[in-house]
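Residue-level listing of the chains:
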Amino acid sequence: MRNPAPARRRRSPARRRLRRLQFRLTLAYTLVTLAGVSVLSWMVIRTDARSWRAAEYDEMNRRAAVSTSLIYYTDEGLQLDGLYDDDATRGYPRVNVLHASADGSLRRVFTSPGPISAPIGEDRLTGLARSAMRRDDTVRAEVPDVRGGTAYLLARPFHHDETQEVRGAVVVAGDPAHRMAEHDRLVMSVLVGAGLLTTLAAGTGHLLSGRSLRPAWESLEAQERTLADAAHELRTPVAVMRSSVDVAGTDPRGLDPHLPRIRRATERLADVVENVLTRGRLQAAHRDALRAVPLRLDQLVEQTCEELSAGRHVLTTSLDASVVTADPALVRIAVRNLLDNALRHGRGPGDPPGSAEVHVMVRGATVVVADRGPGIGAADLPALTERFRSPGGGTGIGLSLVSEIATAHGGALTADLRPGGGTLVRLSLDRRDQRPAHGAGPVPGRGPAS
């Protein structure tokens with residue numbers, strides 16, 4: 001029996017390479033998504049900031065226009081009574097009216113009531129008012145306030161009713177922070193959404209990269225398992241042939257006495273190669289890739305029995321006519337492995353080597369092989385169908401391969417203790433046809449096959 005841990009260790013470098021490749025694909029997918037989300041988030045945040053800025057200036061311009069329309073002149077001079085009664089001059093944004101005196105200086109003659117949101121120096125208001133009066137047009141600017149922040153200013157000139165001379169300006173002061181709460185909430189929502197989207201993209205990328213690499217992963221693991229099986233199974237027959245040749249080189253009788261042993265090792269080597277190649281085919285193909293055709297299962301089993309080498313064993317058959325849909329090559333290998341296993345281990349206590357008594361039956365889609373060996377119970381079979389389990393000197397993958405062939409056909413491999421001693425092993429090619437087979441003794445009229 002050989003521990004399968006070394007095979008797993010041999011697979012670890014390939015696993016690590018595929019893991020690194022999957023990590024790189026996930027990282028690339030995440031970075032591309034992050035770059036796209038970052039650009040989109042920046043555009044959304046910048047556009048929203050511009051929208052709030054434009055909305056602030058629109059409101060400031062509206063208040064300035066309404067305020068200039070409420071200013072008028074009489075014989076008594078400038079009249080501002082209309083400003084005190086209009087909603088456009090109350091609250092935020094703050095409206096300031098600067099009027100030119102006879103000496104040309106500007107003084108503030110009106111300030112809308114309400115809290116000061118962005119206190120601005122008098123020189124800033126005066127400077128912008130003079131600029132609007134000089135241009136006779138609306139001007140706006142962003143200036144620092146006394147708190148160190150930024151304030152919006154918009155100045156609109158007003159004229160004397162009779163002379164149409166520019167006599168002052170209405171300066172409206174706005175505070176960017178007034179509307180920043182909504183903008184900040186949008187920024188937070190965009191950033192959280194971008195983070196969640198990037199995380200989702202990373203998880204999706206990891207899943208997709210894993211799925212895209214799965215065929216390569218499975219193919220690589222199948223190749224490594226095949227190589228591990230070949231290295232493990234070929235070692236024994238090659239060692240036998242080499243030792244036989246070495247002994248024959250020093251034997252004065254020559255090579256002839258050692259030819260039977262070399263021949264047996266060669267046959268075993270051929271069986272091992274065929275088993276390993278078949279296992280690789282099963283691992284590389286899906287169930288629907290099997291070359292399944294209608295076949296006479298009883299005739300295939302009979303031909304396989306006839307192909308066995310002659311010996312002291314006793315092989316009897318009880319074969320019912322049966323037609324199944326299966327892969328003939330795989331079924332033949334499975335039956336031969338069951339027969340080899342039974343002939344090798346099917347002798348009773350005290351019987352000489354090679355004197356096994358084996359009975360083979362075909363019932364429907366099930367092949368039953370019975371022997372008189374130590375006996376294998378249902379609880380013992382799973383361990384014996386693992387790779388590299390060879391408790392009796394067998395090939396190590398024989399029963400494991402039979403189990404895989406049964407599974408590939410939708411069936412199963414089961415075992416029970418045989419009444420009177422021995423084992424009943426059932427190879428079912430159809431899960432619906434797993435009937436127990438009783439009476440595994442020789443059947444009259446069907447004599448020993450060899």
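Higher on the page you've got the structure.
Okay, so let's go over this structure.

### Quick look at a positive patch on the surface
At step 1: Taken together, the side chains of R16, R17, R20 and R24 define a basic patch exposed on the protein surface.
At step 2: Relative to the elements of secondary structure, R17 occurs in helix α1 (residues 5-70).

### Some points on helix α3 (residues 122-135)
At step 1: Compared with an ideal rise of 1.5 Å per residue, which puts 14 residues at 20 Å, α3 spans 20 Å between its outermost C-alpha atoms and is within 8% of the ideal.
At step 2: Within α3, burial applies to L125, T126, L128, A129, S131, A132 and M133.
At step 3: Close packing links the buried residues of α3 with β3 (94-100), β4 (106-111), β5 (139-144), β6 (150-159) and β7 (166-174).
At step 4: At the C-terminal side of α3, D136 shows a positive phi close to 55°.

### Considering the environment of L200
At step 1: Tracing the sequence through the fold places L200 in helix α4 (residues 177-250).
At step 2: Take L200: its relative accessible area is 56%, and that puts it in the exposed class.
At step 3: Taking the C-alpha atoms as reference, L200 lies 9.9 Å from T33; in sequence the two are 167 residues apart.

### Points about the packing of aromatic side chains
At step 1: This model, assessed by the stated rule, comprises 2 aromatic pairs.
At step 2: Seen in terms of ring centroids, Y57 and Y152 are 4.9 Å apart; in terms of plane orientation they differ by 25°. Their pairing is stacked. Taken together, the positions of Y57 in helix α1 and Y152 in strand β6 put the pair 95 residues apart, joining distant regions of the chain. Take Y57 and Y152: they sit in the same class, and that class is buried.
At step 3: On the numbers, 5.1 Å between centres and 85° between planes, the contact of Y84 with F110 is edge-to-face. Of the two residues, Y84 sits in helix α2 (residues 81-84) while F110 sits in strand β4, which places them 26 residues apart along the sequence.
At step 4: Geometry around Y57 places R140 over its ring, the cationic atom sitting 4.3 Å from the centre.

### Regarding the packing of helix α6 (residues 297-306) against helix α7 (residues 328-345)
At step 1: Packing of α6 against α7 brings their axes to within 10 Å, and their N-to-C directions diverge by 50°. In this view, α6 runs oblique relative to α7, as classed from their interaxial angle. In this structure, α6 meets α7 at a crossing whose hand is right-handed. Where α6 approaches α7, its residues L297, L300, V301, Q303, T304 and C305 are matched on the opposing element by P328, V331, R332, V335, R336 and L339.

### Points about the sheet that holds strand β14 (residues 423-428)
At step 1: Taken together, 5 strands build an open sheet; the order of strands is β9-β11-β12-β14-β13 and the sheet is mixed. Of all the strands in the sheet, just β9 (314-319) and β13 (412-417) have a single pairing partner and so form its edges. Averaged over all adjacent pairs, the angle separating strand axes in this sheet is 15°, with direction ignored.
At step 2: Of the strand pairs in this sheet, β9 and strand β11 (residues 357-363) are connected by 6 bridges, and their pairing is parallel. Pairing of S318 across the sheet is with M361, part of β11.
At step 3: Here α7 sits on the sheet and contacts β9, β11, β12 (366-371), β13 and β14; the angle it forms with β12, its principal contact strand, is near 10°.

### Regarding the environment of A292
At step 1: Topologically, A292 is positioned in the loop between α5 (259-284) and β8 (293-296).
At step 2: Judged by relative accessible area, which is 41%, A292 ranks as partly exposed.
At step 3: When the C-alpha atoms of A292 and A329 are compared, they prove to be 9.5 Å apart, with 37 residues separating the residues in sequence.
At step 4: When residues no more than four places from it in sequence are discounted, the contact partners of A292 are T325, A326 and D327.

### Considering the nonpolar core
At step 1: Counting 39 residues, the largest nonpolar core has L297, V301, V367 and L427 as its most contacted members.
At step 2: Per-element tally for this core: the top contributor is α7, with 9 residues.
At step 3: The residues contacting L427, other than those within four sequence positions of it, are A334, V335, L338, A365, T366, V367, V402, A406, A412 and L413.
At step 4: If you look at the next biggest cluster of nonpolar residues, it comprises 18 residues, including A100, A151, A169 and V171.

Reading the values: rules and limits
Residues numbered from 1 in each chain as written. Predicted model: local features only at pLDDT ≥ 70, side-chain atom pairs only at ≥ 80, totals over all residues. Heavy atoms only, no water. Patch = residues over 30% accessible without salt bridge, like charges linked within 9 Å, V, L, I, M, F, W, Y side chains within 5 Å. Areas by Shrake-Rupley, 256 points an atom, 1.4 Å probe, with all protein chains shown as cover. Salt bridge = Lys/Arg side-chain N within 4 Å of Asp/Glu carboxyl O. Lys, Arg positive; Asp, Glu negative; His and termini not counted. Charge placed at Lys NZ, Arg CZ, Asp CG, Glu CD. Helix = DSSP H or I, 4+ residues; strand = E, 2+ residues; numbered from the N terminus. Expected span 1.5 Å × (residues − 1). Buried < 20%, exposed > 50% of the residue type's maximum accessible area, 1.4 Å probe, protein only. Contact = heavy atoms within 4.5 Å. Phe/Tyr/Trp six-rings, centres within 6.5 Å; stacked < 30°, edge-to-face > 60°. Lys NZ or Arg CZ within 6 Å of the ring centre and 35° of its normal. Axes fitted to C-alpha atoms, helices over the stretch in contact; angles between N-to-C directions. Parallel < 35°, antiparallel > 145°, perpendicular 65-115°, else oblique. Left-handed = near helix turned anticlockwise from the far one by under 90°. Pairing = 2+ DSSP bridges. Core = buried A, V, L, I, M, F, W, Y, C linked by side-chain atoms within 4.5 Å.

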